[in-house]
Amino acid sequence: MGEGQREGKKPIVELDGVGKTYFRDKEPVVVLDNISLDIEEGSYEALMGPSGSGKSTLLNLIAGLDRPSRGSARVAGQELSGMSDSALATFRSRTMGFIFQAYNLMPVLTAVENVELPLLLTKLSRGERKKRAQTALRVVGLEERMNHYPRQLSGGQEQRVAIARAIVNDPRIIVADEPTGDLDRKSADEILTLLEKLNKEFNKTILMVTHDPQAAERATVIHRLDKGNLS
Ligand SMILES: Nc1ncnc2c1ncn2[C@@H]1O[C@H](COP(=O)(O)OP(=O)(O)OP(=O)(O)O)[C@@H](O)[C@H]1O
Ligand SMILES: [Mg+2]
């Protein structure tokens with residue numbers, strides 16, 4: 001078996017003894033203690049736990065928004081712990097799609113312009129960028145709303161635009177931090193169905209933080225975090 005094939009079998013996320021300590025008034029606060037976690041490519045996993053247990057901190061480490069204080073975090077074949085800020089930024093733009101509870105759309109831009117934003121840093125032509133943004137909006141079922149502004153959309157539709165923005169760079173991994181936290185049951189279920197489709201049809205690896213047991217049940221694996229450790 002060649003090196004490439006063996007590489008292909010490795011988990012896309014491999015955390016080994018990861019810890020995160022913040023300092024508050026010079027006092028260390030251990031937020032993540034000793035986390036070891038493997039996530040296979042193509043899986044859909046949920047992360048639950050009480051408020052303040054470190055879920056967002058862990059998600060942000062995996063996504064390359066932050067670095068561990070100790071331990072090893074290999075994501076998509078790259079070790080993130082010693083990476084420079086600019087290397088992390090490149091890693092994120094190539095590998096990660098982000099979905100948050102607050103949709104974070106730019107109010108002065110239309111849906112398609114919002115979705116196009118992550119592509120502005122690439123070398124793609126204007127026409128190609130627009131084409132990809134339209135394709136992403138089609139995937140989330142909002143192509144006919146491409147020229148609408150966020151204020152003209154419902155919360156569920158805004159989150160779908162945010163999901164289109166998260167997939168426009170064709171990321172291998174999607175991290176979602178309470179993606180249904182601000183939505184009613186029906187809109188939440190639509191978002192969860194869309195995430196399932198991205199996982200099953202587009203083979204995206206998804207890691208989702210959620211407080212909602214119904215949301216977590218849609219995932220194939222549920223991890224529980226408590227006081228900085230996985231149980
Ligand atoms: N930048 C920071 N500096 C200092 N402390 C931080 C920082 N970020 C998070 N913390 C602390 O780390 C702990 C875990 O925070 P985190 O946001 O990861 O929790 P969470 O599980 O996502 O909670 P929630 O469910 O409320 O979103 C909290 O006690 C928080 O105050
Ligand atoms: Mg959080």
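Heads up: the structure comes first, above all this text.
Notes on the structure in this doc start here. Each chain carries its own residue numbering, running from 1 in the written order of its sequence. Key to labels: chains lettered from A, ligands numbered from 1, both in the order written. Local features in a predicted model are, by the rule used here, given only for residues with pLDDT of at least 70; side-chain atom pairs are given and counted only at 80 or more, and totals for whole chains, interfaces and linings are based on all residues. The basis for every side-chain value is the complete set of heavy atoms in the structure, and neither hydrogens nor water enter the calculation.

One speaks of a salt bridge when a side-chain nitrogen belonging to Lys or Arg is within 4 Å of a carboxyl oxygen belonging to Asp or Glu. Applying the stated criterion to the full structure yields 13 salt bridges. The salt bridge partner of Asp212 is Arg185, with a shortest N-O separation of 3.0 Å. With a gap of 27 residues between them, Asp212 in the loop between strand 8 (205-209) and helix 8 (213-217) and Arg185 in helix 7 (residues 185-200) connect regions that are remote in the sequence. One network of salt bridges, with partners in common, ties together Glu128, Lys131 and Arg132. Only DSSP runs of H or I reaching four residues or more are called helices, and only runs of E reaching two or more are called strands; each is numbered from the N terminus.

Now for unusual backbone geometry. Phi is mostly negative for residues that are not glycine, and the peptide bonds are mostly trans. Here the phi dihedral of Glu178 falls at roughly 50°; this positive angle occurs in a residue that is not glycine. Topologically, Glu178 is positioned in the loop between strand 7 (173-177) and helix 7. A positive phi is found at Lys227, a non-glycine position, where the angle reads about 50°. Mapped onto the elements of the fold, Lys227 is located in the loop between strand 9 (221-226) and strand 10 (229-230).

Here, axes are lines fitted to C-alpha atoms. For helices the fit covers the stretch in contact, and angles between N-to-C directions go from 0 to 180 degrees. Contact pair helix 6 (residues 155-167) / helix 7: the axes reach a minimum separation of 10 Å and the direction vectors enclose 20°. Comparing the axis directions of helix 6 and helix 7 gives the class roughly parallel. The crossing of helix 6 and helix 7 is right-handed. Here Gly156, Gln159, Arg160, Ile163 and Ile167 of helix 6 come into contact with helix 7, specifically with Ser187, Glu190, Ile191, Leu194, Leu195 and Leu198. Here the residues of the contact of helix 6 with helix 7 are counted per class, giving six nonpolar, three polar and two charged. In this scheme, roughly parallel covers angles under 35 degrees and roughly antiparallel covers those over 145, while 65 to 115 is roughly perpendicular and the rest are oblique. The handedness criterion is simple: a crossing whose near helix is rotated anticlockwise from the far helix by less than a right angle is left-handed, and one whose near helix is rotated clockwise is right-handed. Working rule for contacts: check all heavy atoms of both residues, and any pair within 4.5 Å makes them a contact. Ten residues, namely Ala, Val, Leu, Ile, Met, Phe, Trp, Tyr, Cys and Pro, are considered nonpolar, four, namely Asp, Glu, Lys and Arg, are considered charged, and the remaining ones, Gly among them, are considered polar.

To continue, consider the environment of Leu195. Along the polypeptide, Leu195 turns up in helix 7. In the structure, Leu195 is positioned 130 residues away from Leu65 in sequence and 21 Å away in space, judged by C-alpha atoms. Ignoring sequence-local partners within four residues, the contact set of Leu195 consists of Tyr44, Ile99, Ile163, Pro179, Ile206 and Met208.

Before going further, it helps to spend a moment on the sheet that holds strand 10. Backbone hydrogen bonds are what pair the strands of a sheet, in a parallel or an antiparallel way. Only strands joined by at least two bridges in the DSSP assignment are considered to pair. What the six strands build is an open sheet, ordered 6-7-8-3-9-10; its pairing is mixed. The open sheet has two edge strands with one neighbour each: strand 6 (96-100) and strand 10. Inspection of the sheet shows strand 6 paired to strand 7 by five bridges, in the parallel sense. Bridge assignment links Met96 to a residue of strand 7, and that residue is Ile173. Against the sheet, helix 6 touches strand 6 and strand 7, its axis set at about 165° to strand 6. In this fold helix 7 packs onto strand 3 (44-48), strand 6, strand 7 and strand 8, with an angle of close to 150° to the strand it touches most, strand 8.

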